[in-house]
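Topology and contacts: notes
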Amino acid sequence: MKYLIIGNSAAGINAANIIRANDKKSSITIISNEEFNAYGRPLISYYLSGKVKPENMNYRSVDFYKSRNIEVLLNTEAEKIDIKNKEISISGDVKLSYDKLLIATGSSPFIPQIKNLDMDKQKNVFTFLTYKDSIKLKTKVTKKSKVVIAGAGLIGLKAAEGLFGQVASITVVDLADRVMTSILDKPVADDIQSHIEQNDIDFKLQTNICEVDGEQNISRIILSNGEILNCDILIVAVGVRPNINLAYSAGIKTAKGIIVNKYMQTSEKDIYAAGDCVESLDLLSNKSKILALWPNASNQGETAGFNMAGTKKKAPAAFAMNAISFFGLQLISAGIISGLNLNNGITYSTKNNLRRLNILNDNLIGFILINDNQRAGIYTALINDRTKLSTLEYDITLKDISLSVYPKEERTKKIWDYKGCSL
Amino acid sequence: MKKIYAFESKCLGCGLCEVYCKTAHSKSKDIIKAHKQENITSAIVIEEILQPKAVSYFALQCRHCSSPKCVKACISGAMYKDEKGIVRNDKEKCVSCLSCVLVCPFGAIKKSINGKTVSKCDLCIDYGKSLCIEYCPNEAIKLLNENEAEALK
């Protein structure tokens, strides 16, 4: 049996690991269009700030590939999948055959239409999704750089934090009325924004970049509200798009992302897909959507690995969840945050400390915790298990969460299960 | 592999397990220095159960899951399952993002006091023996393998 994995990040690595654990003999090959062994992708902002050194960027130990007899081909682009002959083309004429293929191609930065913007030509415009992006950016910035970041989402804000203290100014531009629209509601977003502003980061919200000035280098940025910003570095971080072209052009079923079943299998029997390039069934909306999250990619990779190696397993439930910090402020959020008519139970909230639970029809469907993270995973479990809150021992809006919230029988069952969590 | 099990009916909630957890994970391995000089976060979570007329406790620790959610959520690769099956956190690699805290359904991982990493039970693998168990005055926590635990359930 020949296993081939396209992609060398959370989904690809976790798949390879499980395949090897279940199949000691077959060959496993990972191909990656990047030049590094797997690294903790969200660490690129920590590398930028200097908090994480290059030797700690590795996602797995240095002997991960060798000890598991996994071949890894770096700097290698998968160009075409030939489903009929079960092979893929890399760099022109070279072909690699497979019996089971995993597509874990991740996502790419979305580049919006901006007048005069030319990513290939202008040398001071960057995206921020790969280790290489971060290295290039770190080399380019100086104490005098005036940095403009397009996008106030997680990626844009982490880039801003990573550059803090290393440049002259940082301005974040976003069309939305708040930061991190996808994971925060307005009041919490406003609190976080003012916390970030205290660290000399400026925001221009409800406007966007409509034009840039400069041939080889961008020197000025024109906003749709008429404002003009001087700019030495532009970072484009307005969002990502799943890399589906490889799958799509091979005839594999895609929509926004690659379509998979609960076993992470695509419309082709021997081809699986996992991670940011696929559509996941969102537990809370029951809709198929892109849930580009590190834990989700790992879960899906692991699930795909089991199924490719012949053990049938369903992917765990997926829903939005994020743990992230900005300038010492620790934010945890999961599930549905806004947009519904909710019976919100805010247990308590002080200036830099907030615990907010969103409850709908006897279910916890979302939460935001700021600087208050104790046992947050039990809330996540209540969402994940669709636990009826009325069956619990106490009202979760009145008291801190703990395992004692579960009735004794259930609590005992949980902590006495030798396996703990299993897939 | 053996894991630590908590016996609800026997726990006094005295907190000695936490004292010895900190000692075992200190540099000095000295109970006084560990508490007074070293900023250590115990890896044990003492759970309090309020009943109508009494309070009971149990000392919860990492379950070293077969498919650990914390390992899969970890963005840096700091959290890992070693060859013995023990789920461990590499403090050098941890960036304290708390993704593990977000997904652990047991609430068994804590942000450390210094804010730089997280604290969780590693069965005192580096110390050589689980001190919390040795010093529990009432045998309310025990190190058991799967069959032993089944028998005592």
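Residues numbered from 1 in each chain as written. Chains lettered and ligands numbered in written order. Predicted model: local features only at pLDDT ≥ 70, side-chain atom pairs only at ≥ 80, totals over all residues.

Focus: the overall build of chain A
Counting secondary structure elements, chain A contains ten helices and 25 strands. Taken against the 2.2 N^0.38 rule, which gives 22 Å for 423 residues, the C-alpha radius of gyration of chain A at 23 Å falls within 12% of a compact globule. If one aligns the C-alpha atoms of chain A with their principal axes, the spans along those axes are about 65 × 60 × 40 Å. Relative to its full complement of 423 residues, chain A shows a buried share of 45%. Partitioning the contacts of chain A with sequence separation of at least 6, the portion at a separation of at least 24 is 61%. (Helix = DSSP H or I, 4+ residues; strand = E, 2+ residues; numbered from the N terminus. Rg over C-alpha atoms; globule rule 2.2 N^0.38 Å. Buried ≥ 20, exposed ≤ 12 C-beta atoms within 10 Å, placed from the backbone. Contact = placed C-beta atoms within 7 Å.)

Considering the environment of Gly301(A)
Residue and element names in this part refer to chain A. Along the chain, Gly301 turns up in helix α8 (residues 294-308). Along the backbone, Gly301 and Leu102 are 199 residues apart, and their C-alpha atoms lie at a distance of 8.7 Å. When near neighbours in sequence (up to four residues on either side) are disregarded, Gly301 contacts Ala10, Ala11, Gly12, Ile13, Asn14, Ala15, Ala104, Ala274 and Gly275.

Here's the deal with the nonpolar core
All names here are of chain A. Within the largest apolar cluster, 171 residues are counted, with the highest numbers of intra-cluster contacts made by Leu102 and Ala273. When residues in this core are grouped by element, the largest group, seven residues, is from helix α1 (residues 10-22). If sequence neighbours within four positions are ignored, Ala273 has contacts with Leu102, Ile103, Ala104, Ala247, Ile258, Val260, Met264, Thr266 and Val278. (Core = buried A, V, L, I, M, F, W, Y, C linked by C-beta atoms within 7 Å.)

Concerning the interface of chain B and chain A
If you look at the interface, chain B gives 35 residues, while chain A gives 41 residues. Where the side of chain B that touches chain A is concerned, the elements lending two or more residues are β1 (3-6), β2 (45-50), α3 (69-73), α4 (99-103) and α6 (146-152) of chain B. Top element by residues in the side of chain B that touches chain A is α4(B). It accounts for four residues. Across the side of chain B that touches chain A, the residue classes tally to 18 nonpolar, seven polar and ten charged. (Nonpolar A, V, L, I, M, F, W, Y, C, P; charged D, E, K, R; others polar.)

Thoughts on the pairing of strand β11 (residues 169-174) of chain A
Looking down a regular strand, the side chains alternate between one sheet face and the other. Residues and elements named next belong to chain A. With five of six residues buried, β11 lies mostly within the body of the structure. Pairing of strand β10 (residues 146-150) with β11, which is carried by five bridges, proceeds in the parallel orientation. Of the residues in β11, the one forming a bridge with Val147 is Ile170. Of the crossover connections in this fold, the one passing from β10 over helix α5 (residues 154-163) to the parallel β11 is right-handed. The sheet contact formed by β11 and strand β12 (residues 201-205) spans five bridges and is parallel. Looking at the pairing, Ile170 lines up with Ile201 of β12. Crossover connection from β11 via helix α6 (residues 186-197) to parallel β12: handedness right-handed. (Pairing = 2+ DSSP bridges. Right-handed = clockwise from strand over helix to strand, strands pointing away.)

A look at the domain arrangement of chain A
Split by domain assignment, chain A resolves into domain 1 (2-42 + 55-107 + 243-308), domain 2 (125-238) and domain 3 (328-416). With centres defined by C-alpha atoms, the gap from domain 1 of chain A to domain 2 of chain A works out at 31 Å. (Domains from an automatic or database assignment.)

Digging into the environment of Lys53(B)
All names here are of chain B. Looking at where Lys53 falls in the secondary structure, it is placed in the loop between β2 and β3 (55-60). For Lys53, a count of 5 C-beta atoms within 10 Å puts it in the exposed group. The spatial distance from the C-alpha of Lys53 to the C-alpha of Lys142 is 27 Å, given a sequence separation of 89 residues.

Digging into the sheet that holds strand β5 (residues 87-90) of chain A
Residue and element names in this part refer to chain A. With antiparallel pairing, three strands are arranged side by side in an open sheet as β4-β5-β6. Here the strands that pair on one side only, and so sit at the sheet edges, are β4 (78-82) and β6 (94-97). On average, adjacent strands in this sheet sit at an angle of 25° to one another, irrespective of strand direction. Where β5 meets β6, four bridges bridge the pair, whose relative direction is antiparallel. Residue Ile90 lies in a different strand from β6, and its bridge partner there is Val94. (Axes fitted to C-alpha atoms, helices over the stretch in contact; angles between N-to-C directions.)

Thoughts on the packing of α1(A) against α8(A)
Residue and element names in this part refer to chain A. Packing of α1 against α8 leaves a shortest axis separation of 7 Å and a crossing angle of 30°. Between α1 and α8 the crossing geometry is right-handed. Of the residues in α8, those touching α1 at Ala10, Ala11, Gly12, Ile13, Asn14, Ala15, Ala16, Asn17, Ile18, Ile19 and Asn22 are Trp294, Ala297, Ser298, Gln300, Gly301, Glu302, Ala304, Gly305, Phe306 and Met308. A breakdown of the residues in the contact of α1 with α8 according to their chemical character gives twelve nonpolar, eight polar and one charged. (Left-handed = near helix turned anticlockwise from the far one by under 90°.)

Remarks on the sheet that holds strand β2 (residues 27-31) of chain A
Residue and element names in this part refer to chain A. Sheet architecture is open: five strands sit in the order β3-β2-β1-β7-β18, paired in parallel fashion. Of all strands in the sheet, those with a lone pairing partner are β3 (70-73) and β18 (271-273), marking the two edges. Between one strand axis and the next, the sheet turns through 20° on average, direction left out of account. The sheet contacts of α1 involve β1 (2-6), β2, β3 and β7 (100-103), and relative to β2 the element is tilted by about 175°.

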